[in-house]
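Okay, here's what each chain looks like letter by letter:
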Amino acid sequence: MVVDNPAGYRCNSASLLLTQKHVSKNVIRSEFEETEPMSIYLLAINVHDMTQVRGETTRGIPVSVLTPPHKKAGAQVTLEWAIKALDHFERYLDCKYPFKKLDLMGIYDFNAGGMENIGMIHLLYDCAYIDKESITVKALLYCRVVIVHEVSHMWFGNLVSVKWWDDLWLKEGFARFITSYAMDQMKTDRKAGAHMFEVLDSSYVQGIEVDKFKFTKPVRQTLRNSYDAAAMFNSLSYAKGAFILKSVERLIGAAAFRTGLRDYFTKFKFKSANFDDFAACFGNITNRVSVGDYMKKWLNQPGFPIITSERVGNTIKLEQTRFTESPKYHTSQSWYVPLNYKTEKSSPTSYRLMMEKNWVIDYTVDHGYSLSNTFSILNSNFGHWYVLDTDNIIFGLHQYEDDNYMLLARALQENPNSISDATKLIEITNLELLMENQRINPRILLETSRYVSKETNMDVVLKWLLTLLHMKRNLHDRDLYVKFNHYLRSLLIDKVRNAMKLSFDDTKAWNLRKNYSWLLILGVKWRVKEAIHAARELYHRFKEGNHINANFLGYILRHYIRKPSHWPILFKRLNSYPQSQKELRTMIRMLAKTDNESHQKLLLTYSRTSHIIPRSVVKSTLCYVAWRNPHLAWTYFKAHYEYYFRLYGESQFSMNSLLQCLVGNLNTREDYEDAKAFFKVNSAGTGTSGLKRGLKSANVFNNSSDKKSDTGDEVICITVKKESLTKSFSRWWEETFGKEDYFDIDNALDDFGGINED
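Residues numbered from 1 in each chain as written. Predicted model: local features only at pLDDT ≥ 70, side-chain atom pairs only at ≥ 80, totals over all residues. Heavy atoms only, no water.

### Quick notes on the confidence of the model for the protein chain
Point 1. Predicted confidence across the protein chain gives a mean pLDDT of 81, with 83% of residues reaching 70 or more.
Point 2. Contacts for the low-pLDDT stretch residues 360-382, under 50 throughout, to residues beyond four places or in other chains number 58 contacts.
Point 3. For residues 705-721, every residue scores under 50 in pLDDT, and the model assigns this stretch seven contacts once sequence neighbours within four places are set aside. (pLDDT = per-residue confidence, 0-100. Contact = heavy atoms within 4.5 Å.)

Encoded structure:
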């Protein structure tokens, strides 16, 4: 490959550079080695004036990060992680890195987290140049995941490509799964399995939320052309695909799984493959079910199962049905469901397959399967409570009978270590999803949470905290809202006080560092003296012009801009303060919360004219203002339509999300009709579908009294759910703590309070 580029610039691509020479005063010719066989969409050519931070793998593969000179320190962090990932995958896969070099580069305005171009990975700007001083712990985890994910694609997607986009999961699901595994192996300051669960747990929830609807589609589906492929880049290809692969590895064993991968890479090196090619490289799960048969059950049909269980004597009856957001919706679908169990008196068993709706493994049989429709447990092993799927390998839900939940809640109060931390996280996720979809009484979740004050694992504590906060937001009775705050306080007050004994800089351990900001915010709301002191110190550090960690930036700014005189000060600091796009977005989002329309307009103009605002943040600024002042955002967009269309008109993702946000927030009939008329004579570009969704949302909002509206029915359904939750919490409170207030409600702290100026 030969590239002519302007003099004064360098060129990088998929293969090694052979020669570079002037062909004229203003043109340099760069000649590259011939590439390995590749899918053409993976080719990238970069012309740049950046410097390079260089290193090499254990085997001597050159690795570099292209970086602006002032971002060298951040590029070094990325380089170290890329080298670690390459070394890890070579060891784990027993397959050498298939290309001769690897470069990485940040893109300042990028719609994705990363792109796995052969030999030339592109990353979101903040992930390529990591500022350890300002980045949040969550963002740091995200960036590490993106780097490792894109490196894994050098094997899954680049060494072996997919034949067609219907098997996109074969590279994206694999990259998601293998990344979570690699993160556990590469990181030393977390417990084994922490990354595996954290990365896949978020994927699990994302996938479940998409796959629970009646009309969802399967992971593999027929695609007529490459344009339809865009729809395949969704949570199902990534999250559901990853969980299916995780379950395959668990069922056949890690050694057999890696042997299958080696065969796959050997047979299809520098070729393309599909599902059948992949499945042929693996054997059977049982003497009756092959890996291919098992995966077809999960890949080729929509939805996922919910396993309901009921104890009868010394047995547990199990049934699988398809879970949907509508409990009245029934299908005849069934899956091959891997299941194990643990009881109070037994360790977790090995996994076996539940192969029919009411036909499961008989655990009294050492090998093979029983034709019984019960899950039998030996008398000697049977305890007071049981849990299913202890390793969380099912892409689905399980629901116990109420008595088992109560027994488990009691056991946790007596001994928080009754079940493993991983199993606790699984059960919390299940409880939240079941409650959200009205499958269990909310009191079950509340009763199970009562042990949290004794919990020592901060990841589990944070999971409970977020689940309970989500539940609290659905309470619309003020007295109960205050009571719920007191209940949270009783569970977590000691955790807050212990955390406040450390400064943020002292919290080097990953889980403390990640959770410290949550505990600090709660401590301020609960008037914990140490927390107020820590927050006040951060507040004054920011006010005096110093930099504070981004974990606290949004929270501190929310209080800082309450004084109208602070808005201009914060606005001026946009030019100097942000050290990442995350910080820039946070500052702009807070500035947009003002009720001063002239300030909002100034912010919009600044985002459109400033050289420091990347294209993606220009769009975000318009949306932030639209949430607060939809009329102003709409009229500003119309006045500068040509600018925004030039910026986003041909970008499918950007224009869709911009118009959906902008038009969907219109809250007057006049603006709604104006938008309809405007786009009759002006093009929406690639944002047609976003415009349609936005107009539909605006129409529903402005006709909310129309009971025939489908979305109106959803609003009524949500109201009913909130009322049901409120009644359930009220009954649980009275039964648990009595009709008299368990806490001193008179001294209740209003949750909408904050930090005083002093």
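### Let's talk about the state of the cysteines
Point 1. For the coordinates displayed, the defined rule picks out one disulfide.
Point 2. What pairs with cysteine 127 in a disulfide is cysteine 143, and their sulfur atoms sit 2.4 Å apart. Judged by the sign of its S-S torsion, about -75°, the cystine formed by cysteine 127 and cysteine 143 is left-handed. Of the two residues, cysteine 127 is situated in helix α2 (residues 125-128) and cysteine 143 in helix α3 (residues 137-152); the sequence distance between them amounts to 16 residues. (Disulfide = S-S within 2.5 Å. Helix = DSSP H or I, 4+ residues; strand = E, 2+ residues; numbered from the N terminus.)

### A word on the packing of helix α6 (residues 235-252) against helix α9 (residues 291-299)
Point 1. At a minimum axis separation of 11 Å, α6 and α9 run at an interaxial angle of 150°. By the angle between their directions, the pair α6 and α9 is classed as roughly antiparallel. In the packing of α6 onto α9, the handedness of the crossing is right-handed. Two secondary-structure elements touch here, α6 through Lys240, Ile244, Leu245, Ser247, Val248, Leu251 and Ile252 and α9 through Val291, Tyr294, Met295, Trp298 and Leu299. (Axes fitted to C-alpha atoms, helices over the stretch in contact; angles between N-to-C directions. Parallel < 35°, antiparallel > 145°, perpendicular 65-115°, else oblique. Left-handed = near helix turned anticlockwise from the far one by under 90°.)

### Details of the sheet that holds strand β10 (residues 120-124)
Point 1. One open sheet holds the five strands; their spatial order is β6-β7-β8-β10-β9, and the pairing between them is mixed. The sheet is open, and its two edges are formed by β6 (51-56) and β9 (114-115), each paired on a single side.
Point 2. Relative to strand β7 (residues 62-67), helix α1 (residues 72-93) is tilted by about 150°, and along the sheet it contacts β6, β7, β8 (102-107) and β10. (Pairing = 2+ DSSP bridges.)

### Some words on a nonpolar patch on the surface
Point 1. Side chains of Met1, Tyr9, Ile45 and Val47 sit close together on the surface and give an oily, nonpolar patch of about 320 Å² of accessible area.
Point 2. Tracing the chain through its elements places methionine 1 in the segment before β1 (2-6).
Point 3. Judged by its relative accessible area of 32%, methionine 1 is partly exposed. (Patch = residues over 30% accessible without salt bridge, like charges linked within 9 Å, V, L, I, M, F, W, Y side chains within 5 Å. Areas by Shrake-Rupley, 256 points an atom, 1.4 Å probe, with all protein chains shown as cover. Salt bridge = Lys/Arg side-chain N within 4 Å of Asp/Glu carboxyl O. Buried < 20%, exposed > 50% of the residue type's maximum accessible area, 1.4 Å probe, protein only.)

### Focus: the environment of valine 205
Point 1. Tracing the backbone shows valine 205 in helix α5 (residues 194-211).
Point 2. Taking relative accessible area as the criterion, valine 205 reaches 25% and is therefore assigned partly exposed.
Point 3. Sequence-wise, valine 205 and asparagine 430 are 225 residues apart; in three dimensions their C-alpha atoms are separated by 9.5 Å.

### Topic: the environment of lysine 495
Point 1. Within the fold, lysine 495 resides in helix α14 (residues 478-499).
Point 2. For lysine 495, a relative accessible area of 11% corresponds to the buried category.
Point 3. Lysine 495 sits 40 residues away from glutamate 455 along the chain, and the two C-alpha atoms are 9.4 Å apart.
Point 4. If sequence neighbours within four positions are ignored, lysine 495 has contacts with Val452, Ser453, Lys454, Glu455, Met458, Val461 and Leu519.

### Considerations on α1
Point 1. Taking 1.5 Å per residue as the helical rise, α1 with its 22 residues ought to reach 32 Å, and the 31 Å between its terminal C-alpha atoms agrees with that figure.
Point 2. A large share of α1 lies buried, amounting to 16 of its 22 residues.
Point 3. A positive phi of about 50° marks aspartate 94, the residue just after α1. (Expected span 1.5 Å × (residues − 1).)

### Quick notes on the packing of helix α11 (residues 421-436) against helix α13 (residues 458-473)
Point 1. Two elements in contact, α11 and α13, have axes whose closest approach is 10 Å; the angle formed by their N-to-C orientations is 5°. Between α11 and α13, the interaxial angle falls into the category roughly parallel. Here α11 contributes Asp421, Lys424, Leu425, Ile428, Thr429, Leu431, Glu432, Met435 and Glu436 to the contact with α13, which in turn contributes Asp459, Val460, Lys463, Trp464, Thr467, His470 and Met471.
Point 2. Grouping the amino acids of the contact of α11 with α13 by side-chain chemistry returns seven nonpolar, three polar and six charged. (Nonpolar A, V, L, I, M, F, W, Y, C, P; charged D, E, K, R; others polar.)

### Brief notes about the nonpolar core
Point 1. With 215 residues, the main nonpolar core has Trp155, Met295 and Phe637 as its most contacted residues.
Point 2. Here this core gets 11 residues from one element, more than from any other, and that element is α1.
Point 3. Beyond its immediate stretch of four places on either side in the chain, tryptophan 155 contacts Leu86, Phe89, Glu90, Leu93, Cys95, Lys96, Tyr97, Pro98, Val160 and Phe265. (Core = buried A, V, L, I, M, F, W, Y, C linked by side-chain atoms within 4.5 Å.)

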